[in-house]
Structures are given as structure tokens and as C-alpha cells.
Amino acid sequence: MRFMVIVKASKNSEAGMMPSEKLLAEMGKFNEELTKAGVMLAAEGLQASSNGARVKFSGNKRTVIDGPFAETKELVAGFWIWQCKSLKEAIDWVKRCPNPMPGEEAEIEIRQVFEAEDFAAKFAPEHRKEAERIYKQSSRQQ
Amino acid sequence: MRFMVIVKAGKDCEAGKLPSKEFMAAMGKYNEELAKAGVLLALEGLAPMSEGARVKFASKKPVVTDGPFPESKELVGGFWLWKCNSKQEAIEWLKRAPFEDAEIELRQVHEPEDFAENFTRALREQEPRARETAEARP
């Protein structure tokens, strides 16, 4: 199973404050452990939402809203994609993670990534093959 | 420049309702165009929050809470990673997406250079190594 592990933003991350050398070293060590264990698939950090934008879709209309966005605690600051055997294994790895926002309250969210089979499983048995094909085609999964 | 394009989870999405065949086909075509233009780097959809969890770091010990979280309005439903020459180019691509009622967020992804000041030489060596190992996997 693959999991997306989302680090939520904080006041400091939204202020564009970069992680300290200490946190980078601790995080680097944690990432190396994830890699050695075969858990790590990808990792990215995001710039503050002030460098971002939102596009609102309503019928044929598109409205662009420039950042920053106010709901700091709901914003994504970074993420990993992990390969784990269960949600429990992913939770156990997160518990070992250094606090990503030192001196602040931090929250990490663990979400299961959809595979084509999960999508297909929601259909009646006779339609599953077709559903899997459509999902793979639309998401370009091989 | 790389951008993360975040699709929020709607009520239907969180209830496990599936998108229509027409929407899936339109999305397939759009993804094809992104790929042909060399914009598409990755894309994933997420399962509802009921199959996830949150871990809070406030004191010494992390605290785990299982999903779902009905109060949350800003759950991630899925995302793309794009490579574009500018934020404007990313916005133009996003405007062409086949959504009818949605709010999509565009965020710039950090590159290793962004951390330069606090990135010691040791870390610089560590990071590509971890990436290479991770990328070598299918």
C-alpha cells in the first residue's frame, strides 16, 4: 500500500522561515532510514502559500486568487509518499519523525493513495475490469 | 520550476462516491495533454480520510487520532506535480482543467537550492543519495 504523509503548515513555514541546520540534519537522517527500509518513494517541500494561487471553477468560469491563504493549519507544507504494509506501519514511522515545526505545534496527516484496484473494487464485479482500465487510462498508471 | 497542484476532497469524494465516466474521460484527455507538453511529472488520488490518521506533535510524545475528520474543509483529495516555466504558465494550464465546481490550489515546490544557506555539505551529499535509492525503485 502507498501512503501520502502530509506535513501541515505552521505560522513559521507560512512566514517563509527555512528549517534550521539541526532540523535538516535530523530530517536527513530520518529520510535515510526510510530509504534503507524501502519505505521512501518521494519527498517534497512546498514554498509558502504567498507564492501560490488558487483557481476557482464554476461552470465555464475560472477565477484566479493569489496567495497567501489564511487557514494556515489546513495548508500543506510538504509531503512524502511511502510504501508500507499497513496504516499502522505508516503511523509507527510518523511517530519516529522529528517534530517538523520545532517550537510550534505540528500536525502530520497520513492518507492512503488510491490504486486502480481500489477504484475498481467500488464497482459490481462484472464492471471491475472496465473500471480499472478507465482509471489507469485517466491517471496514466501503467 | 515545479508546482504541486492540489485538488480538495469534495463531499462526494469523502463519501466514497465515484466520478462519472464522462469526467474520467475528460480528465484522461487533459492528463494526456499535460504529459505531451512535458508538464506532467506525477499525479495521485487519495482514499477518503476515514482510511487515514493524523499525528500531532505538541509535547514530547506524538498523539495519534484516526480519521475521519468531518470538520475539515481543506482535505487533499489528490494532486499533480507539474514542471512549468512560470507560475503564470501553471495557472494557464490549470484553467484548462475539466472541473465544473471546484477550487484548486497551486503551490511552488522547493528545490534543493532553496535550502542552500542551512544545507551543510554533508546533507547535500545525503539528499541525492536518498533520492537516487528512492528513484531506483519501480
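Above this text sits the structure in question.
As the structure is a computational prediction, the values presented were derived from the model and not from experiment.

Student: Before we move on, could you go through the pairing of strand S5 (residues 76-83) of chain A and cite the residues and values that matter?
Tutor: All names here are of chain A. Across the eight residues of S5, six count as buried, placing the element largely inside the fold. In this structure, strand S1 (residues 2-8) lies alongside S5, joined through seven bridges in antiparallel fashion. Bridged to Arg-2 within S5 is Gln-83. Two elements, strand S2 (residues 40-45) and S5, share five bridges in a ladder whose sense is antiparallel. When the sheet's bridge partners are listed, Glu-44 is paired in S5 with Phe-79.

Student: Residues and numbers for helix H2 (residues 21-36) of chain A, please.
Tutor: Residues and elements named next belong to chain A. With 16 residues, H2 should cover 22 Å at 1.5 Å per step; its first-to-last C-alpha distance of 22 Å lies within 8% of that length. Gly-28, Asn-31, Leu-34 and Thr-35 are the residues of H2 that are buried. Relative to the axis of H2, the buried residues are bounded by an arc of 120 degrees and lie together on one face. Residues of H2 that are exposed and angled more than 90 degrees away from the buried face: Lys-22 and Lys-36.

Student: So what's going on with the interface of chain A and chain B? Which residues, and what values?
Tutor: Counting residues at the interface gives 56 residues for chain A and 57 residues for chain B. Sorting the residues of the side of chain A that touches chain B by element identifies S1, H2, S2, strand S3 (53-58), strand S4 (61-66), helix H3 (87-95), strand S6 (106-112) and helix H5 (128-139) of chain A as the ones contributing at least two each. For the side of chain A that touches chain B, a count of residues per class yields 24 nonpolar, 16 polar and 16 charged. Bridge analysis of S6 of chain A against strand S3 (residues 53-57) of chain B gives five bridges, and the strand direction is antiparallel. Residue pairing in the sheet places Glu-107 of chain A in a bridge with Lys-56 of chain B of S3 of chain B.

What counts as what
- Residues numbered from 1 in each chain as written.
- Chains lettered and ligands numbered in written order.
- Predicted model: local features only at pLDDT ≥ 70, side-chain atom pairs only at ≥ 80, totals over all residues.
- Buried ≥ 20, exposed ≤ 12 C-beta atoms within 10 Å, placed from the backbone.
- Helix = DSSP H or I, 4+ residues; strand = E, 2+ residues; numbered from the N terminus.
- Pairing = 2+ DSSP bridges.
- Expected span 1.5 Å × (residues − 1).
- Arc of directions from axis to C-beta.
- Contact = placed C-beta atoms within 7 Å.
- Nonpolar A, V, L, I, M, F, W, Y, C, P; charged D, E, K, R; others polar.

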